[in-house]
Amino acid sequence: MLTVIWGAIAARRAQALAVLLLTVLASAAAAAAPSYVAAAGQALARYEVSRATPNELRLRLADPVEYPGMPGDPARTPFAGKVRQLTPAGFEVVLGAQSSGVAAGPAGTVTSSLVFRAGVCERVTVAGACPRATPRGQLPEVMVSTPTAARLGVVGGDQFTFGVVPVRVVGVYQPLEVTDPFWLGAEYIRPAAAGPTSTPAVGSAEDAIFTAEAAPLTDDDAILYRSTADLYVTEHLLDTRSAADLRAAVAVVTRDGSRAGLGGGTSLSLLLDRVALQRGQLADGVTLGAGLLVLLCWLVLFVAVSSAADQRRPEQGLLLLRGVQRRRLWALAIGEHAVPVLIAIPLGCLGGIAAAALLAAHTLPARADVTVDATVLGFAAVGAVGALAAVLLAQLRMLSGSVVDLLRRVPARTRGWRATIGDIVAVSVAVAAVVQLRSGGSPSGLALVAPVAGALAAGVLLARVAMIIGAAAGAALLARGRTANGLALVQVARQPRFRPLIALLTVVIAMLAFTAATSEVASAAYTDRAVVEVGAPRVVQVDATSRSHLLKAVRTADPEGRFAMAAVVTTASSEAGTPLLAVDSDRLATVAASHPSYGVSLADIARKIHPAAPGEPVYFRGQLLDMVLSASFDAEAFAGNRVRLAVTVASANGTRVVLSREDVKPVRKAYPLQVPECAQECRLIKIEIVAPVVSRQLEVHFEELRSSDEDGGRETVVLTGAQFADLKRWRLSDTSTTRASGTTTALVLTVDENRRSTPAGISVVDAPFPLPGYLTRGTGTLLGASHPYDGVDGTPTTVSVLGLADRLPRFGGAGLVVDLEYADRLAVASQNGNEEVWLTRSAPADVLDRLRAQGLVIKADRTTAGVRQDFDRQGAALALRFNLFAALAGVLIGAAGLIAMAAAEQRTRVVMLVALRRQGLPPRAVRGGYGWPVAVAALSGGLVTLVIWLLTRGGQRLFSDGRSPVPLPDWPDVGRLLLFTVPTIALFALTAVVLGRVVAASVRRRSSR
C-alpha cells in the first residue's frame, strides 16, 4: 500500500503540491494566532504598565507599630520576615522606613518626611555623596533635594534639625527620572505649589529627606518611624502569568497581610483588570481573523480536491467495477493526502511564527517576543488536521458513490435533504450569531463570529441562487444564438463544484469589504472620540492657586486670545449627577475643537453663557477691612447667642471666609477683619451676619466698608453708605426669613425671629444668577428650566438652561458648560475639579514656559493626536488590524482556489471544447468560463457586505472600554472601501482572464493537430 501511495503522489504531483501549500497556509494561520496573541498580550501589558499610575504598579504593606530611632533598613527585622513570607514569587520588593516631621534650617522650615528607601542612590544624581551609616555620637547623614536645600538654606556639609534631631547634609539630590514608579508619584518627589517658583528643579521643598541604612541616636525616642514594603509587579510577571492569577495572588497577600497585622493598600487590581480585558478582546478578535483564514484554506482545499476528484470519477468507477474494495480506496485517499499534511505542520509553524513576528514588529505598541510553544504546535496541528478532513470530505462523494454514478462524465446533482443540509446549518448558525450579537452587551460566544457566519451563510445561499439563475440565463442565451456567454453559463451551472467556488469568492470579497469598512469606521470613531474627550487639540492640566489666578495667567500668556483658554472641569456628584465644564467663554469658539455631534456651534454656546454682567465686581486692596455698621436687637433676649460678622473674599490664593474679631453689638461700630492675602487685590463676594439663633428680630445697617494696610495706612473707602443702599448691587442669600431695604446712607438687613442655622447675607451682584448654561439634551431638562449641579467650588446650586446641545466637549452626551469667570464670581469656596489650559494647534512652542512664568504648575499634557494613538494601541484595535491582514491574505487564498480548481479540471474542459470546436464552435466561444463566478462573486460579495453590515455594525467592538461619547459613524468612507475591494475584484478578474486564455490556447493547439 505504501508503494501505491507514493506512486499516487508521484502521479498527481500538482495536486499533492497544492494540498501541501494550502495546508501550510491553514497551519500557518492557525499557528500565527496564538503566537501573535501571546506577543500582543505582552506588548499590551507593557504599554499599560507604562501608562499606569504608581499606585497601580505596587502593593504596599506597612507595619502599624511606630518604633523609636532614625528610619533604617528593616531587612533584618521581624517585619521584613513577614513580608518575605507574604510576597508571591516574581514580585519586586522595596523595603523602607519613614517618619514625618518638620525640618528647620537657617533660611526656613519645611514639613517633610525623613525616609530610608532601598535603592534610592541608584536613581538620583547627587552633588556630594549619598548618606552612610554613622556610629552613635555622630550626626546622622542625610541628603535633600534641590528645592528642599533652597528652602532650608543648606548645602553639603551644613546642618539642620528634623524635629529635635540635628542632622548633617552630605548630598543634594535630583531624581534621574521623576516618573519612575519607585518615587510613587507625589509621595517622595512632591509637585511644586502653584505660584512663582524660586528654583527650576523638579519637585518642591516638601520632597523626602533620605537617610542612611542605620544611624543610632543619642535619644532614640526623639523620632518615631514606621517600616514599609512596596511589592512591585514586573513586566516579567505580566508576561508569564495571567491577570487572573495575579489578581488572586494580590487578594491572598492582602488577606494574609491583614491577618498578620500589616496594613495594606493598592490599586493594582485596576491595572490587572485593564490588562485582562484587553488581552481577552485581543484573543477574541485574532481568533476570529485566524479562523477566517483557516476556514478559507479548508474551503479552497475542498473546492480544489473535489474538482480533481470529479476528474478521476471514471477511474474510481472502473476500479470498483473490477472488484477493488472501498476500504483500500479510502486508505489510498487518506495516505495520499496525509503525507503532505504531516509535512505541512512544521512548515506551517515556521510560517505562522514568521507572520506573527512581522505583524508584531509593525503593529504592536511595545516590544514583544514571538515564541514557539505547545499551544502554537497544537493550533498548527489543528489547522493541518482540518485540512485533511476537508480533503477527505471533498472525496466523500466519489469514494461513496455507486459505480453507475462514478462512470458518468458529469456528476449527478445532489437532491433531497442532502442538498440542503449544509445550507440549513450555515443559515442557522448565522441567525443564532446575529441574534446573540444584537441582543446587547459585550460580544461573546457565537456573537464574535457573527460577521463570518453571516457572510458564509449568505455566500452559500447566493451561490445556490446564482447556479439556478445561471442555468436559466445560459439556456436563454444559447437559444438566442449568443454561444460564447450562453455556453460559459451552462458549463458553470452544470458543474456542482462551481457552487463552492462562488461561495468562496463571495466570502473573501465580503469579509475584506466588511473588515475594511469596520477598520475605516474605527479610525473615524477613534478620531471623533479623541476630539470630543480632549476638547481641544491640546489640553494641559495645571495647578493654580485659584480660579482667578488661572484666568489671569492664561490671559496674560495669550493676551489676544488666539491659542489658549482657561477651563475648570468637575465630575458629577451623586446628588447633582451632571459634570461641569467652566470655560473662558470669549475664547471657546477659537480654542476648543468643534464637532458635528455637538449639534450646535461653539460660538452660540459662548454667546448664551456669557450675557452682560448685571453689575460690576467690588475690588479692593489692603490687609485690613473695617466694616462700619449699626445693629439693633435685644441683647438680653439673645442671651448667650452670638452675632458675628463674616465677609467672603476672593484673592489670587483662593476664596476665604473672614470672621470679625468681635461679636456684633447693638451699637454703631467699625468691625475690623484681617485679610493679609488682599495686599495685592481681592474681590468682595459676600457679607453675612452669622447668628445661629435669632431670639428676636435682628436689624443691621451696613454703612461703610474701608480697606487699609495692617498699620492703618493708605485707607480707602471700598463702599459708601449710598452704594450699600443701592439694592441692585446686592442679592439676598435667603429671602424666607431675611429682608433687605435701603436708606440714603445704608443698607438695612432685617432678620426675622427664627431658629435659623444658616447665615443671613448679601452677595455682590456681579454675575447673572442663576448662572446661564448650555446643557446636553440627554439630561431631560427643558430649555429655560433650572437644572441642579455642583458649582466650581463644589457647592450645590442650579443653572438656568439657555441652550441645549446634543453633546458637549469633554463630556459627550451628559454635561453642562458655563462661563468660568461668572462661575468664579458666584463661588463661595475654594477649588473643586481639575484646572486646565486648552490650546490650539497654533500655540507657540514655548507655551508651557509662558504658563510657568505666570505661576502655573504643569501636571499633565494631553493632545488629541496622543489620545487617538492610545485608542490605536488597545486590544480591540490590534485585533482589528490582524483581521484586516487576515482578510487581505484571504484574497490570495481565494485566487489560489480559483487557480487550483481550474488546474484540476483543465484537461476535461479542454477535451470538451476541442470536441465542440471540431463540430463548428466558433473560436470566440472558446473561453474558460471562469469570469462568471468572479462576476457573480463580486455582485454577491457587495450585497453580502451590505447585509452583514446592517445586521452587525451595532455590535462591533471598537473600544476596549466599550463606550464612546460620540455616536459611531453609520457608514464607512466609500472611497477608502473601494480602495480595498476594487483591486481584489480586479485580481480575481485578471486571474479568470489568464485562466481562460490558458484554456483557449490549449484548445487551439489541440484543434490544429
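What you are looking at is a predicted structure, and each value in this text was computed from that prediction instead of being measured.

The rules behind each value
- Residues numbered from 1 in each chain as written.
- Predicted model: local features only at pLDDT ≥ 70, side-chain atom pairs only at ≥ 80, totals over all residues.
- Heavy atoms only, no water.
- Disulfide = S-S within 2.5 Å.
- Buried < 20%, exposed > 50% of the residue type's maximum accessible area, 1.4 Å probe, protein only.
- Core = buried A, V, L, I, M, F, W, Y, C linked by side-chain atoms within 4.5 Å.
- Helix = DSSP H or I, 4+ residues; strand = E, 2+ residues; numbered from the N terminus.
- Patch = residues over 30% accessible without salt bridge, like charges linked within 9 Å, V, L, I, M, F, W, Y side chains within 5 Å.
- Areas by Shrake-Rupley, 256 points an atom, 1.4 Å probe, with all protein chains shown as cover.
- Salt bridge = Lys/Arg side-chain N within 4 Å of Asp/Glu carboxyl O.
- Expected span 1.5 Å × (residues − 1).
- Contact = heavy atoms within 4.5 Å.
- Pairing = 2+ DSSP bridges.
- Axes fitted to C-alpha atoms, helices over the stretch in contact; angles between N-to-C directions.
- Phe/Tyr/Trp six-rings, centres within 6.5 Å; stacked < 30°, edge-to-face > 60°.

### Examining the state of the cysteines
Then step 1. Under the definition given, this model contains two disulfides.
Then step 2. Disulfide pairing is shown between cysteine 121 and cysteine 130; the S-S distance is 2.3 Å. Every disulfide takes its handedness from the sign of the S-S torsion; for cysteine 121 and cysteine 130 that torsion is -135 degrees, giving left-handed.
Then step 3. Classification of cysteine 121 as partly exposed rests on a relative accessible area of 30%.
Then step 4. Sulfur-sulfur distance for the disulfide between cysteine 678 and cysteine 682 comes to 2.0 Å. Between cysteine 678 and cysteine 682, the disulfide has an S-S torsion of -85 degrees and is therefore left-handed. Each member of the pair cysteine 678 and cysteine 682 is classed as buried.

### Some remarks on the nonpolar core
Then step 1. Of all hydrophobic cores here, the largest spans 94 residues; its most connected members are Ile605, Trp838 and Tyr930.
Then step 2. The element best represented in this core is helix α15 (residues 498-534), accounting for 21 residues.

### Structural notes on a nonpolar patch on the surface
Then step 1. Taken together, the side chains of Leu943, Leu946, Val947, Leu950, Leu951 and Trp971 present a nonpolar region at the surface, about 520 Å² in accessible area.
Then step 2. On the secondary structure map, leucine 946 appears in helix α25 (residues 931-952).

### Concerning α25
Then step 1. With 22 residues, α25 extends 31 Å from end C-alpha to end C-alpha; this agrees with the ideal 32 Å at 1.5 Å per step.
Then step 2. Buried within α25 we find Pro933, Val934, Ala937, Ala938, Ser940, Gly941, Val944, Thr945, Ile948, Trp949 and Thr952.

### A closer look at helix α3 (residues 78-86)
Then step 1. Within α3 the residues assigned to the buried category are Phe79, Ala80, Gly81, Val83 and Leu86.
Then step 2. Among the structural elements, β1 (58-62), β3 (92-104), β10 (224-232) and α6 (243-259) are those in contact with the buried residues of α3.

### Quick notes on the sheet that holds strand β30 (residues 816-819)
Then step 1. The strand order β28-β29-β27-β30-β14-β13-β31-β12-β32 describes an open sheet built from nine strands, whose pairing is mixed. Of all the strands in the sheet, the pair left with one neighbour each is β28 (786-790) and β32 (857-863). Across the sheet, the mean angle from the axis of one strand to that of its neighbour is 35 degrees, orientation sign disregarded.
Then step 2. Taken strand by strand, helix α16 (residues 547-557) contacts β12 (538-543), β13 (564-570) and β31 (834-839), and its axis lies near 155 degrees from that of β13.

### Overview of the packing of aromatic side chains
Then step 1. Scanning the entire structure with this criterion turns up 13 aromatic pairs.
Then step 2. Ring centres of tyrosine 188 and phenylalanine 210 lie 6.2 Å apart, and the angle between their planes is 55 degrees; on these two criteria the pair is classed as tilted. Residue tyrosine 188 is located in the loop between β8 (165-175) and β9 (209-211), and its partner phenylalanine 210 is located in strand β9; the two are separated by 22 residues in the primary sequence.
Then step 3. Tyrosine 188 gets classed as buried once you look at its relative accessible area, which sits at 2%.
Then step 4. Judged by relative accessible area, phenylalanine 210 falls into the buried class, the value being 0%.
Then step 5. With 5.8 Å between their ring centres and 70 degrees between their planes, phenylalanine 514 and tryptophan 949 make a pair best called edge-to-face. Remark: tryptophan 949 occurs in helix α25 and phenylalanine 514 occurs in helix α15; sequence separation between them is 435 residues. Just as phenylalanine 514 is buried, tryptophan 949 falls in that class too.

### Looking at the pattern of salt bridges
Then step 1. Tallying each qualifying case throughout the model produces 46 salt bridges.
Then step 2. The salt bridge partner of glutamate 141 is arginine 168, with a shortest N-O separation of 2.9 Å. Of this pair, glutamate 141 sits in strand β6 (residues 141-145) while arginine 168 sits in strand β8, placing them 27 residues apart in sequence.
Then step 3. On the basis of relative accessible area, arginine 168 is assigned to the partly exposed category, the value being 30%.
Then step 4. Salt-bridge contacts for aspartate 256 lead to arginine 259; the nearest nitrogen and oxygen are separated by 4.0 Å. Of this pair, aspartate 256 and arginine 259 both sit in helix α6, three residues apart, which is roughly one turn of that helix.
Then step 5. For aspartate 256, a relative accessible area of 23% gives the class partly exposed.
Then step 6. The exposure class of arginine 259 is exposed, given its relative accessible area of 66%.
Then step 7. When salt bridges with common partners are traced through the structure, they connect Arg555, Asp558, Asp584, Arg587, Glu821 and Arg825 into a single cluster.

### Overview of unusual backbone geometry
Phi is mostly negative for residues that are not glycine, and the peptide bonds are mostly trans.
Then step 1. With omega at -5 degrees, the peptide bond leading from phenylalanine 769 into proline 770 counts as cis.
Then step 2. Turning to its location among the elements, proline 770 is positioned in the loop between β26 (760-764) and β27 (771-776).
Then step 3. Here the phi dihedral of arginine 810 falls at roughly 80 degrees; this positive angle occurs in a residue that is not glycine.
Then step 4. Within the element layout of this structure, arginine 810 appears in the loop between β29 (796-805) and β30.
Then step 5. Looking at arginine 810, the relative accessible area reads 15%, which means it is buried.

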